[in-house]
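Residues per chain are reported as follows:
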Amino acid sequence: MKKQYRVQAGGATLVALLLVAMYFVPLPAGLTYPGLEVLRGDVSLPAADLAGYLRAMQIIFALDGIFLAAQLLAWSGIAQVVRTRAPLPGSLVLSLGVAGVLLDLAENSIIWAALGSLQTGHLPAPGWLIAWKTVHHLSYLLPLLAAVMAGANLWSPRWTERLACLVGTLFSALAIAGLYLPELAPLADLWYLAWFAAAALLLWDSSNIIET
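Residues numbered from 1 in each chain as written. Predicted model: local features only at pLDDT ≥ 70, side-chain atom pairs only at ≥ 80, totals over all residues. Heavy atoms only, no water.

J.: Looking at this model, I keep getting lost on the packing of helix α3 (residues 47–83) against helix α5 (residues 128–151). Mind explaining?
T.: When two helices pack together, their arrangement is given by the angle between their axes and by how far apart the axes lie. In the contact formed by α3 and α5, the axes pass within 10 Å of each other and the chain directions differ by 30 degrees. As far as their axial angle goes, α5 and α3 are roughly parallel. You can see that α3 and α5 cross each other, and the crossing is left-handed. Here Trp-75, Ile-78 and Val-82 of α3 come into contact with α5, specifically with Pro-143, Ala-146, Ala-147 and Ala-150. Partitioned by chemical class, the residues of the contact of α3 with α5 number 7 nonpolar, no polar and no charged. (Axes fitted to C-alpha atoms, helices over the stretch in contact; angles between N-to-C directions. Helix = DSSP H or I, 4+ residues; strand = E, 2+ residues; numbered from the N terminus. Parallel < 35°, antiparallel > 145°, perpendicular 65-115°, else oblique. Left-handed = near helix turned anticlockwise from the far one by under 90°. Contact = heavy atoms within 4.5 Å. Nonpolar A, V, L, I, M, F, W, Y, C, P; charged D, E, K, R; others polar.)

Structure follows, in structure tokens:
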């Protein structure tokens, strides 16, 4: 179990580092991920910028694939810590966390298909944007709910559990509000960084109190 917790702590650390790495992948022409202006046909990029846009998106998707695999490791560890004191909430944390990862994969698939249409010189088929926005929203909401449930069961004298509790409850509540209030929108992305950084500390600390 000690080794398992440390591997899961490594997964949570990798999630946080990859979030930072993806943030610094530059998109041309002032675009922000996923470049909806281009995919909707509102903006037509010159050939050089279009090539740079497609290349940057490929890098982001490659990093995001590792990011999602690392999330599975992290959520399994978080759920295990919660399950030691509250079995049902622990199982729900894992279910919601994994569902969020799967929705993120679905979101990537929608954007990847839209990029494929763009490369062939066509706009994506009608309806893709509504589907993407729906999946995108849920891919944030379900992990946030998982963190709230985890945080509500993590308060203890250990400072790493208190930190995870505060990030999982108070910060998650603000991040959920950011899904609906534009002025708070950046909090949803900052939450990912704070939550998985706190999870990494929690899981490493949990490994230190286990003998084998």
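Past the structure itself, the notes keep going.
J.: Please explain a nonpolar patch on the surface as it appears in this structure.
T.: A surface patch of nonpolar side chains, amounting to about 450 Å² of accessible area, comprises Val-20, Tyr-23, Phe-24 and Leu-193. With respect to the helices, strands and loops of the structure, Tyr-23 is situated in helix α1 (residues 2–23). (Patch = residues over 30% accessible without salt bridge, like charges linked within 9 Å, V, L, I, M, F, W, Y side chains within 5 Å. Areas by Shrake-Rupley, 256 points an atom, 1.4 Å probe, with all protein chains shown as cover. Salt bridge = Lys/Arg side-chain N within 4 Å of Asp/Glu carboxyl O.)

J.: I tried to follow the layout of surface pockets on my own but got confused; where do I start?
T.: To find leftover empty space, a probe the size of one water molecule is rolled over the atoms. When its volume is computed, the largest pocket comes out at roughly 1,200 Å³. Forming the boundary of the largest pocket are 34 residues, of which Leu-19, Tyr-33, His-136, Tyr-140 and Asp-189 lie nearest the centre. Counting only elements with at least two residues in the lining of the largest pocket, the list comes to α1, α2 (36–39), α3, α4 (87–119), α5 and α7 (186–208). Tallied by class, the residues present in the lining of the largest pocket amount to 21 nonpolar, 6 polar and 7 charged. (1 Å grid on protein atoms, 1.4 Å probe; cavity = no way out; pocket = protein on both sides within 12 Å on 5 of 7 lines; lining within 4 Å. Points joined across faces, edges and corners; volume = space filled by probe spheres on them.)

J.: What am I meant to see in the packing of aromatic side chains here?
T.: How two aromatic rings sit relative to each other is given by the distance of their centres and the angle of their planes. Within this structure, the stated rule accounts for 9 aromatic pairs. Ring plane angle 55 degrees and centroid distance 6.2 Å describe the contact between Phe-67 and Tyr-192, whose orientation is recorded as tilted. In this pair, Phe-67 sits in helix α3 while Tyr-192 sits in helix α7, placing the two residues 125 residues apart along the sequence. Of the two residues examined, Phe-67 and Tyr-192, each falls in the buried class. (Phe/Tyr/Trp six-rings, centres within 6.5 Å; stacked < 30°, edge-to-face > 60°. Buried < 20%, exposed > 50% of the residue type's maximum accessible area, 1.4 Å probe, protein only.)

These results come straight from atomic positions and should not be treated as a statement about function.
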